[in-house]
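Spelled out, the chains give:
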Amino acid sequence: MSSVLYDAQGPRAKRRNILFNVLFLVVLAAVLWWVFGALDEKGQLDWVKWEPFFTGTEAWSTYIWPGLQNTLLAAALSVVIALPLGAVLGIARLSDHAWVRVPVGVVVEFFRSIPVLVLMIFGLALFSEYSNVSSDDRPLYAVVTGLVLYNASVLAEIVRAGILALPKGQAEGAMAIGLRKGQVMRLILLPQAVTTMLPAIVSQLVVIVKDTALGGAVLTFSELLSAANTMSSYYGANTIASFTVVAAIFIAINFALTSFASWLERRLRRAKKSSGAVLKADDAQMTGTAGTGTGGTI
């Protein structure tokens, strides 16, 4: 069957695609077998390497859970601060006043162009020199600072693009009925843009969760990934096992986040579709009577 966007394959194309698929599967199986053999030769698949994660609670209570707590704490603080800040910056970039729009645009473009790791290092130096934050808390403050500055700038662009993607008639119609600019943005544009922006916003939240690992790699922030390094050394260099468990935890957190966002997006779309009220026949007749003085319907 062919369509406007797709032409049905002929017999030769089908045979060629089947051949390519078989070759790909053979190569993939060979690579997996080589990886499995190399890990087994190094002893990374021995049960003694994986046993601490399945037969006791020491690895979880001593290393994984404290690191996970710090990861979630840094990510949660960054999200709580970056989301509203990014919304404010994105709306400010749409301002009609140049004295608001231009400085905010410079700030957004500046922090969006700097690697988040550089912002974290800058934050650590800033808190070390000009604050009374204890040395134990500085890594957390630096990680949150870097994540907020970078991701708020990215979220600002997401918000701005989401609002600009709406039809101009939405704002023009709202102003035609007497709404002020602030009311148009708050009551008309933002509620509609949220559904459009939600996938991009969730993608950025996933980036925030993953980027907390940069603090452990450079700033000695005791998050989940740095806990895997310590745990691997303690349990006899079970590097593959430790990082596999940590990777599974990151996947579970981000999958739960994206699943919740997908559910929320579907709910918002259903709410928009069902927001229109349907009049019954009796209601329509009463409306016509009140509006025209007759017994007919409108």
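Residues numbered from 1 in each chain as written. Predicted model: local features only at pLDDT ≥ 70, side-chain atom pairs only at ≥ 80, totals over all residues. Heavy atoms only, no water.

As for the overall build of the chain
At step 1: Each helix and strand counted, the chain has eleven helices and zero strands in total.
At step 2: Reading the secondary structure of the chain in the N-to-C direction produces α-α-α-α-α-α-α-α-α-α-α.
At step 3: A total of 298 residues make up the chain; the buried ones form 33% of that total.
At step 4: For the chain, the proportion of contacts with a sequence separation of at least 24, taken over those separated by at least 6, is 69%. (Helix = DSSP H or I, 4+ residues; strand = E, 2+ residues; numbered from the N terminus. Buried < 20%, exposed > 50% of the residue type's maximum accessible area, 1.4 Å probe, protein only. Contact = heavy atoms within 4.5 Å.)

Describing unusual backbone geometry
At step 1: Positive phi is not limited to glycine here, since Thr 220 has a value of about 55 degrees.
At step 2: Along the chain, Thr 220 turns up in the loop between α8 (181-218) and α9 (224-234).
At step 3: Thr 220 sits in the exposed class, given a relative accessible area of 67%.

Concerning the confidence of the model for the chain
At step 1: Counting all residues, the mean pLDDT for the chain is 82, and 89% of those residues have values of 70 or more.
At step 2: Note that pLDDT drops below 50 for residues 276-281; the model gives that stretch zero contacts with residues more than four away or on any other chain.
At step 3: Contacts for the low-pLDDT stretch residues 283-298, under 50 throughout, to residues beyond four places or in other chains number 13 contacts. (pLDDT = per-residue confidence, 0-100.)

A look at the pattern of salt bridges
At step 1: Within this structure, the stated rule accounts for four salt bridges.
At step 2: Where Arg 112 meets Glu 109, a salt bridge forms, and the shortest distance between an N and an O atom there is 2.9 Å. Within this pair, Arg 112 and its partner Glu 109 are both found in helix α4 (residues 98-113), separated by three residues, close to a single helical turn.
At step 3: Taking relative accessible area as the criterion, Arg 112 reaches 33% and is therefore assigned partly exposed.
At step 4: Arg 160 is the partner of Glu 157 in a salt bridge, and the nearest nitrogen-oxygen pair spans 3.0 Å. Highlighted residues: Glu 157 and Arg 160, both in helix α6 (residues 138-164), separated by three residues, approximately one helical turn.
At step 5: Judged by relative accessible area, Arg 160 falls into the partly exposed class, the value being 24%.
At step 6: One network of salt bridges, in which partners are shared, links Arg 93, Glu 109, Arg 112, Glu 157 and Arg 160. (Salt bridge = Lys/Arg side-chain N within 4 Å of Asp/Glu carboxyl O.)

Details of helix α3 (residues 58-92)
At step 1: When the terminal C-alpha atoms of α3 are compared, their 50 Å separation across 35 residues agrees well with the 51 Å that a helix rising 1.5 Å per residue should span.
At step 2: Along its length, α3 reaches its greatest deviation from straightness, about 40 degrees, at Ile 64, and the proline Pro 66 lies no more than four positions downstream. (Expected span 1.5 Å × (residues − 1). Bend = angle between axes of the 7 residues up to and from the residue.)

A closer look at helix α2 (residues 47-54)
At step 1: Along α2, the residues classified as buried are Lys 49, Trp 50, Pro 52 and Phe 53. Mapping the buried residues of α2 onto a view down its axis gives an arc of 140 degrees, with all of them on the same face. Turned more than 90 degrees away from the buried face of α2 sit Trp 47, Val 48 and Phe 54, all of them exposed. (Arc of directions from axis to C-beta.)

A look at the packing of aromatic side chains
Two measures describe an aromatic ring pair: the distance that separates the ring centres and the angle between the ring planes.
At step 1: Summed over all chains, the structure comprises five aromatic pairs.
At step 2: Taken together, a centroid distance of 6.0 Å and an interplanar angle of 25 degrees make the contact between Trp 47 and Phe 54 stacked. Of the two residues, Trp 47 and Phe 54, neither departs from the other in class, the shared state being exposed.
At step 3: Where Phe 110 meets Phe 111, the ring centres are 5.1 Å apart and the plane angle is 80 degrees; that geometry is what we call edge-to-face. (Phe/Tyr/Trp six-rings, centres within 6.5 Å; stacked < 30°, edge-to-face > 60°.)

Quick word on the nonpolar core
At step 1: Grouped together as the largest cluster of nonpolar side chains are 47 residues, with contacts concentrated most on Phe 53, Ile 64, Val 143, Leu 189, Leu 224 and Met 231.
At step 2: Looking at this core, the elements with two or more residues in it are α2, α3, α5 (116-130), α6, α7 (168-176), α8, α9 and α10 (239-273).
At step 3: Counting residues per element, this core draws most heavily on α6, which supplies twelve residues.
At step 4: Residues contacting Ile 64, with those up to four places away along its chain left out, are Phe 53, Ala 59, Leu 224, Met 231, Val 245 and Ile 249.
At step 5: By size, the runner-up hydrophobic cluster in this structure holds six residues, among which are Ala 92, Val 100, Val 104 and Val 108. (Core = buried A, V, L, I, M, F, W, Y, C linked by side-chain atoms within 4.5 Å.)

Description of the packing of α7 against α8
At step 1: Running from N to C, α7 and α8 cross one another at 140 degrees; their axes reach a closest spacing of 10 Å. By the angle between their axes, α7 is oblique relative to α8. As α7 runs across α8, the sense of the crossing is right-handed. Each of Gln 170, Ala 171, Ala 174 and Met 175 in α7 lies in contact with α8, whose residues at this interface are Lys 181, Val 184, Ile 188, Leu 189 and Gln 192. (Axes fitted to C-alpha atoms, helices over the stretch in contact; angles between N-to-C directions. Parallel < 35°, antiparallel > 145°, perpendicular 65-115°, else oblique. Left-handed = near helix turned anticlockwise from the far one by under 90°.)

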